[in-house]
Amino acid sequence: MSYKVKIGTRGSKLALWQAYHVEDLLQQAGMETEIVLIDTKGDQVLDVSIAKIGSKGVFTQELEDQLMDGRIDIAVHSAKDMQSRLDEAFELIAFTEREQVNDVLLSNDKEISLSSTEKPLVIGTSSTRRVATLKHFYPHVKTVEVRGNLQTRIRKMEEGLCDALLLAFAGVHRMGYDDQIAQLLSLEEFIPAVGQGSVAIESAKSLNPEIREKIIQACNHSETEAQLRAERAYLRVLEGGCSIPVFALASVSGEKLSLDGGIISLDGKQRIRLSVSGDKNDPESLGEQLAEQVLQAGGKEILEEIKKTIR
Ligand SMILES: NCc1[nH]cc(CCC(=O)O)c1CC(=O)O
């Protein structure tokens, strides 16, 4: 069967890297591919914070329109950027093998460290999770919002906006900026966002089942999938878009799946972090279980407070 899989992607450098990565996996499995570039609202609105335009689907709506009418077969996303609840007509069919999940500090000054209190430190980030985590563990550190793609952020840093950027290792690595990493942050403090480090493949449920199966065979990493399904179930119960400082990281050991996660108040004062573990084959239940426990442990109040502030 000679069928050309049409891969839809945004045009940013990171999105393109991810699309080529998926294209590579498909080609290695003997499939033909074609990349289709798609512009999204999230790419156009660069001067407003995502928390303000609303996180739901700003990077995904246009891709879903094209999935729906068959102009593309799959859409490739950073798993982290995918809202926890998809419309009925769509599904995530595969997750690529996860990259190192840590956050990192990127700077021209390799001596920079969050724990040094000698001189004032300004960190550029636009993630509420990272800002709140900094406030919690490093209250002496100042933060400044910085938007745009990695290249733009680095330019703003070099122009003096901040001393360092707080970013996901995955994106930094994919863009080839490893040599500017000043500090790899600990997973005890900076528990990553749900899905960080993996690439997700979305399709319409109407996609031809044979093609769907081949794509899964070629691209899906089952251990990563179990992790991501648990983390995403956690996020779904908390209804956290990317504007809410929740975090979760699953790990697999044999048949056991562990999930470590929580929520942090915007001012960083309250941080709830719990762990649960269970069967690798039922990741969604584990995510829901963690969510119930976090909500009961005070997460509910933190979440309500955050929603009042953000919306
Ligand atoms: N929020 C934007 C975003 N979406 C995915 C990545 C990096 C790649 C990944 O985590 O998979 C980034 C940049 C960052 O958070 O530093």
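On a predicted model such as this, the values are computed, not experimentally measured, just so you know. (Residues numbered from 1 in each chain as written. Predicted model: local features only at pLDDT ≥ 70, side-chain atom pairs only at ≥ 80, totals over all residues.)

**Q** How would you explain the domain arrangement of the protein if you had to name every residue and give the values?
**A** Once the domains are mapped, the protein shows domain 1 (1-97 + 198-220), domain 2 (103-184) and domain 3 (222-311). Each of domain 2 and domain 3 has a C-alpha centre, and these two points are 24 Å apart. In this complex, domain 2 contributes six residues to the contact, which on the side of domain 3 involves 10 residues. Its residues assigned to classes, the side of domain 2 that touches domain 3 comprises one nonpolar, three polar and two charged. (Domains from an automatic or database assignment. Contact = placed C-beta atoms within 7 Å. Nonpolar A, V, L, I, M, F, W, Y, C, P; charged D, E, K, R; others polar.)

**Q** Give a description of helix 1 (residues 13-28) that names residues and reports values.
**A** For helix 1, with 16 residues, the first-to-last C-alpha span of 22 Å sits near the 22 Å given by 1.5 Å per residue. Listed in full, the buried residues belonging to helix 1 are Leu14, Ala15, Gln18, Ala19, Val22, Leu25 and Leu26. Along helix 1, the residues classed as buried sweep out an arc of 135° about the axis, all on the same side. Phi turns positive, to about 85°, at glycine 30, one or two residues after helix 1. (Helix = DSSP H or I, 4+ residues; strand = E, 2+ residues; numbered from the N terminus. Expected span 1.5 Å × (residues − 1). Buried ≥ 20, exposed ≤ 12 C-beta atoms within 10 Å, placed from the backbone. Arc of directions from axis to C-beta.)

**Q** Mind laying out the sheet that holds strand 7 (residues 142-144), listing which residues take part and the relevant values?
**A** In any sheet, the strands associate via hydrogen bonds between backbone groups, in a parallel or an antiparallel arrangement. Taken in spatial order, the five strands line up as 7-6-8-5-9 in an open sheet, and their pairing is mixed. In the strand order of this sheet, the two ends are held by strand 7 and strand 9 (181-184), each with one partner. Each strand axis lies, on average, 30° off the axis of its neighbour in the sheet, ignoring direction. Relative to strand 8 (residues 164-168), strand 6 (residues 122-124) runs parallel, the two sharing two bridges. Note that in strand 8 the partner of glycine 124 across the bridge is leucine 165. (Pairing = 2+ DSSP bridges. Axes fitted to C-alpha atoms, helices over the stretch in contact; angles between N-to-C directions.)

**Q** Outline the packing of helix 9 (residues 222-238) against helix 10 (residues 283-310), supporting the account with residue identities and numerical values.
**A** The N-to-C vectors of helix 9 and helix 10 enclose an angle of 35°; their axes lie 8 Å apart at closest approach. Regarding helix 9 and helix 10, the two cross each other, and that crossing is right-handed. The segment helix 9 lies against helix 10, with Ala226, Arg229, Ala230, Glu231, Arg232, Ala233, Tyr234, Val237 and Leu238 engaging Pro283, Glu284, Leu286, Gly287, Glu288, Leu290, Ala291 and Leu303. By residue class, the composition of the contact of helix 9 with helix 10 is 11 nonpolar, one polar and five charged. (Left-handed = near helix turned anticlockwise from the far one by under 90°.)

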